[in-house]
Amino acid sequence: MNDRTSALDTLVFGVDIQSGDVRGDSPSYAVVAFDGEQFDRDVVSHRKLRRLLDREEPSMLATDNMYELAADKDELVHFLRSLPAATKLVQVTGAERPEPLSRVASRHGVPYGKKPMEEAEAAARLAAANVGQEVTAFGDTTTVKVSRGRSTGKGGWSQDRYTRRIHGSVKRRTREVEDRLQQAGLDFEKDVTEKYGGYANAVFTVEAPPSDIPVSSGRSGDTRVEIERERRDGIEFEPLVKRRDHVVVGIDPGTTTAAAVVGLDGRVLDVYSTRTADTADVIEWLIERGRPIVVAADVTPMPETVEKFRRSFDAAGWTPNTDLPIDEKLHRTREASYENDHERDALAAALFALDDHEDQIERITQKVPRDVERGKVISRVVAGEESVEAVLRDLEDDDGEEEAGEEHEERELTEEEAEIRRLRTRVERLESHVEDLNETIDERDATIEEYEEKLSDAKREERREARERREVKRLERENNRLQRRVDDLEAENEELDGKLERLKALWKLDHSNFADVDTDGDLVPVKVIDQFTRDAIETADEQYGLAAGDVIYLRDASGAGRSTAERLAAVEPRVVLRSGGDLSEVADGILFEREIPVAPAEDVTIQEVDELAVARESEVAAAIEDWERRAEERRKERKASMVDQIISEHRAGTRGDGD
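Everything in this summary refers to the structure shown in the same document. This is a predicted model, so every value here is computed, not measured.

About the criteria used
- Residues numbered from 1 in each chain as written.
- Predicted model: local features only at pLDDT ≥ 70, side-chain atom pairs only at ≥ 80, totals over all residues.
- Heavy atoms only, no water.
- Buried < 20%, exposed > 50% of the residue type's maximum accessible area, 1.4 Å probe, protein only.
- Helix = DSSP H or I, 4+ residues; strand = E, 2+ residues; numbered from the N terminus.
- Phe/Tyr/Trp six-rings, centres within 6.5 Å; stacked < 30°, edge-to-face > 60°.
- Lys NZ or Arg CZ within 6 Å of the ring centre and 35° of its normal.
- Pairing = 2+ DSSP bridges.
- Right-handed = clockwise from strand over helix to strand, strands pointing away.
- Axes fitted to C-alpha atoms, helices over the stretch in contact; angles between N-to-C directions.
- Contact = heavy atoms within 4.5 Å.
- Salt bridge = Lys/Arg side-chain N within 4 Å of Asp/Glu carboxyl O.
- Core = buried A, V, L, I, M, F, W, Y, C linked by side-chain atoms within 4.5 Å.
- Patch = residues over 30% accessible without salt bridge, like charges linked within 9 Å, V, L, I, M, F, W, Y side chains within 5 Å.
- Areas by Shrake-Rupley, 256 points an atom, 1.4 Å probe, with all protein chains shown as cover.
- Lys, Arg positive; Asp, Glu negative; His and termini not counted.
- Charge placed at Lys NZ, Arg CZ, Asp CG, Glu CD.
- Nonpolar A, V, L, I, M, F, W, Y, C, P; charged D, E, K, R; others polar.
- Polar contact = N/O pair within 3.5 Å; in protein donor to acceptor, adjacent residues only side chain to side chain.

### Re helix H10 (residues 374–382)
Right, so step 1: Burial runs high along H10: seven of the nine residues are buried.
Right, so step 2: Gly-375, Val-377, Ile-378, Ser-379, Arg-380, Val-381 and Val-382 are the residues of H10 that are buried.

Encoded structure:
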């Protein structure tokens, strides 16, 4: 695939699996790029195909079977999500029940071969001619989510400032996204989760596909933007164009009017029934679904209502020799779906009429060249009772006149052509004088005017209902947001209740009347620090506060340095009870110099209540007295050592003078 394809105005990719299997290892694909005039061909891996699509961004990726690109529906949805916004996945062989590619190519006059590269080319040609169904799994609603791009962490000296900065960044990014959506004129709704300092996240529900949204996904600094299309319940198919092919129509008149449309290939295209619509509505419904060649009824003679439909389309009529039995209608429509007996009868009439013309349609098809529209020839032969040869000559003459662009002498007509011309003249003369058609036209104009007014009223009502639905959805989202807010507040309330209980317990420990705790009046509160580190000291200070005169219990007294010891000494505790390791020399020296009593925790009976603890006053006092005794001995030893050092230095100086 060369770089030329990237400059094409309209680019279509046709693909067919070359070797391997998408469910196995390393499948390869035959790829044909078609710009309407030239072809580029290549064989690529699945990964290279994805890169090629991202680089070239073709308007359509055409295949005869979408499951050659994905193993199952989940993988197919993932594949569709990864396609460029401007690229459609097209299955040229139909929707849920695809036809063979050879049959579709033959019907549309497209060259076909069985080799993968030839099938890929046929798929590209068909898609370029707007043949096929677009495969989609997403709606036109897109969710844009703005959220935190970094975690707020577990704590630390600057935790609050760090969290406030991130939430503020999310709020600023949310405003930028909202401004861009408003400038683009898009309809959207916003749902915000507020947190400390700004927003934790914001979700925009936008009524537009991602290609129309002027925001890109990705992470930038403290924020992240995610864009995701609303996924439908399953895989859906949409025709590339609404084609008006030639069809066979069945009508079942009565209080409930039913109509059925069947393609010339036997596929049931649509069924319809109504108790309120008039003939004009049913005719409009039929016009939207095709050009009727035959209008059929399930009874004989043809009812006047069905005859009126037939004349409206200038189509051939069909009725059975005798009224169709119910069991035959049930058997003929057994593979089709319908909602009531009226739709069944209309569908049966259309299918039996098609069966009756099947051989004739097959003979016509064999005579029609590939480059001539088959339906047009079949319509004129079946409805106009012309011969295939005459129709083909007529079409060739029409083409020749268009290509030449100038007048030429009229050739002498054959006897058959002259008869056809006379019949056509007669039909035109008779039709010009048919009063019922003129009356029908007048009635139709009046009906159209009446229904235009009803349509206008219905559109206003639909817009009102749409506004109500949007308001209901908005209120539901607001209710969900408030419910989430209630849940967050309840969780926060539970956390605050726990803190309140701990504060109550702390208040009891910090006052003389212990009530339920200090039953014998000999208890003192103990504040616990897990490790002799600055973080542990700060954590304890944040949880229940450290103050001068506190009794502090170090679970692990080892490992402290100078700054940590100075931080603890700054609290000026009454005594430090240590366990789990010896104090470092530096920490021991600093606490001794600051006259902070340090005693082994084993000397004091400590009773812990959740995060709080108590000890007996008598044991704490004894531990302090023991430290004071040891401290006095340590001071004496230090003084004696200093005296010995001074004497030694003096003697050393005297000997030096004598020498």
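### Some details on the packing of aromatic side chains
Right, so step 1: All chains considered together, the criterion is met by four aromatic pairs.
Right, so step 2: Ring plane angle 20 degrees and centroid distance 4.7 Å describe the contact between Tyr-272 and Trp-285, whose orientation is recorded as stacked. Of this pair, Tyr-272 sits in strand S13 (residues 268–274) while Trp-285 sits in helix H6 (residues 279–287), and the two are 13 residues apart along the sequence.
Right, so step 3: The ring of Tyr-451 is capped by Lys-454, whose NZ or CZ atom sits 4.7 Å from the centre of that ring.
Right, so step 4: Lying over the aromatic face of Phe-592, Arg-634 brings its terminal NZ or CZ to 4.1 Å of the ring centre.

### A few points about the pairing of strand S16 (residues 523–531)
Right, so step 1: Extensive coverage of S16 is indicated by the burial of seven of its nine residues.
Right, so step 2: Here S16 pairs with strand S17 (residues 551–556) via five bridges, running parallel. For Val-528, the partnering residue across the bridge sits in S17 and is Tyr-553.
Right, so step 3: For the segment spanning S16, helix H14 (residues 534–544) and S17, crossover handedness is right-handed.

### Details of the sheet that holds strand S11 (residues 246–252)
Right, so step 1: Taken in spatial order, the five strands make up an open sheet running S13-S12-S11-S14-S15, and their pairing is mixed. A strand with exactly one partner marks an edge of an open sheet, and here the two such strands are S13 and strand S15 (316–318). Each strand axis lies, on average, 25 degrees off the axis of its neighbour in the sheet, ignoring direction.
Right, so step 2: In this fold H6 packs onto S11, strand S12 (257–263) and S13, with an angle of close to 15 degrees to the strand it touches most, S12.
Right, so step 3: Most of the contacts of helix H7 (residues 304–313) go to strand S14 (residues 291–296), to which it runs at about 155 degrees, and overall it touches S11, S14 and S15.

### Some thoughts on the environment of Trp-627
Right, so step 1: Structurally, Trp-627 is set in helix H17 (residues 617–658).
Right, so step 2: Between the alpha carbons of Trp-627 and Ala-599 there is a distance of 6.5 Å; along the sequence they are 28 residues apart.
Right, so step 3: When residues no more than four places from it in sequence are discounted, the contact partners of Trp-627 are Phe-592, Glu-595, Ile-596, Pro-597 and Val-598.

### A look at H14
Helical geometry note: an α-helix holds 3.6 residues per turn, so side chains three or four residues apart project in the same direction.
Right, so step 1: For H14, every residue scored as buried is listed here: Ala-536, Ile-537, Glu-538, Ala-540 and Tyr-544.
Right, so step 2: Just past H14, the residue Gly-545 takes up positive phi, approximately 75 degrees.

### Points about the environment of Asp-233
Right, so step 1: Along the chain, Asp-233 falls in strand S10 (residues 223–239).
Right, so step 2: Once the C-alpha coordinates of Asp-233 and Ala-137 are considered, the two residues, 96 residues apart in sequence, prove to be 7.7 Å apart.

### Structural notes on the pattern of salt bridges
Between side chains of opposite charge, a pair can form as their charged atoms come close.
Right, so step 1: In this structure the tally under the stated criterion is 40 salt bridges.
Right, so step 2: Residues Glu-189 and Arg-477 are paired through a salt bridge, measuring 1.4 Å at the closest nitrogen-oxygen approach. In this pair, Glu-189 is assigned in strand S7 (residues 188–195) and Arg-477 in helix H13 (residues 435–509), connecting sequence segments 288 residues apart.
Right, so step 3: Between Glu-389 and Lys-367 there is a salt bridge whose closest N-O contact spans 3.6 Å. Of this pair, Glu-389 sits in helix H11 (residues 388–404) while Lys-367 sits in helix H9 (residues 341–367); the two residues are 22 residues apart in sequence, bridging distant segments of the chain.
Right, so step 4: Given the relative accessible area of 47%, Lys-367 is considered partly exposed.
Right, so step 5: Within the structure, one salt-bridge network assembled from shared partners comprises Asp-298, Lys-329, Asp-341, Arg-344 and Asp-345.

### Points about the nonpolar core
Right, so step 1: Grouped together as the largest cluster of nonpolar side chains are 37 residues, with contacts concentrated most on Ile-529, Phe-532, Leu-568, Leu-577 and Val-620.
Right, so step 2: When sequence neighbours within four positions are dropped, the list of residues in contact with Leu-568 reads Ile-529, Phe-532, Ile-537, Ile-552, Leu-554, Pro-573 and Val-576.
Right, so step 3: By size, the runner-up hydrophobic cluster in this structure holds 32 residues, among which are Ala-349, Leu-354, Ile-364 and Val-388.

### Notes on a negative patch on the surface
Right, so step 1: A contiguous patch of negative charge, built from Asp-442, Glu-443, Asp-445, Glu-449, Glu-452 and Glu-453, is present on the exposed surface.
Right, so step 2: For Glu-443, the location among the structural elements is in helix H13.

### Quick word on the packing of helix H1 (residues 46–56) against helix H2 (residues 73–82)
Right, so step 1: One way to put it is that H1 packs onto H2 with a least axis distance of 11 Å and a crossing angle of 35 degrees. Where H1 approaches H2, its residues His-46, Arg-50, Leu-53 and Asp-54 are matched on the opposing element by His-78, Phe-79 and Ser-82.
Right, so step 2: Looking at side-chain class alone, the contact of H1 with H2 contains two nonpolar, three polar and two charged residues.

### A look at unusual backbone geometry
Right, so step 1: Here the amide bond leading from Thr-300 into Pro-301 is cis, since omega sits at -5 degrees, within 30 degrees of zero.
Right, so step 2: In this fold, Pro-301 is placed in the loop between S14 and H7.
Right, so step 3: With a phi angle near 60 degrees, Asn-130 is a residue other than glycine that sits in the positive phi range.
Right, so step 4: Assignment of secondary structure puts Asn-130 in the loop between helix H4 (116–128) and strand S6 (133–148).
Right, so step 5: Judged by its relative accessible area of 33%, Asn-130 falls in the partly exposed class.
Right, so step 6: Of note in this structure, Glu-595 is not a glycine but carries a positive phi near 60 degrees.

### What to know about a positive patch on the surface
Right, so step 1: Residues Lys-459, Arg-463, Arg-467, Arg-469, Arg-470 and Lys-473 make up a contiguous surface patch of positive charge.
Right, so step 2: Of note, Lys-459 is situated in helix H13.
Right, so step 3: For Lys-459, a relative accessible area of 42% corresponds to the partly exposed category.

### Quick word on a nonpolar patch on the surface
Right, so step 1: Taken together, Ile-326, Leu-330 and Tyr-338 make up a surface patch of nonpolar side chains, about 260 Å² in accessible area.
Right, so step 2: Position of Ile-326 relative to the elements: it lies in helix H8 (residues 326–332).

### Concerning the environment of Arg-481
Right, so step 1: Position of Arg-481 relative to the elements: it lies in helix H13.
Right, so step 2: Using a relative accessible area of 23% as the deciding quantity, one classes Arg-481 as partly exposed.
Right, so step 3: Placed 289 residues apart in sequence, Arg-481 and Val-192 show a C-alpha to C-alpha distance of 8.0 Å.
Right, so step 4: When near neighbours in sequence (up to four residues on either side) are disregarded, Arg-481 contacts Asp-191 and Val-192.
Right, so step 5: A polar contact is formed between the side chain of Arg-481 and the side chain of Glu-478, at a distance of 2.6 Å.

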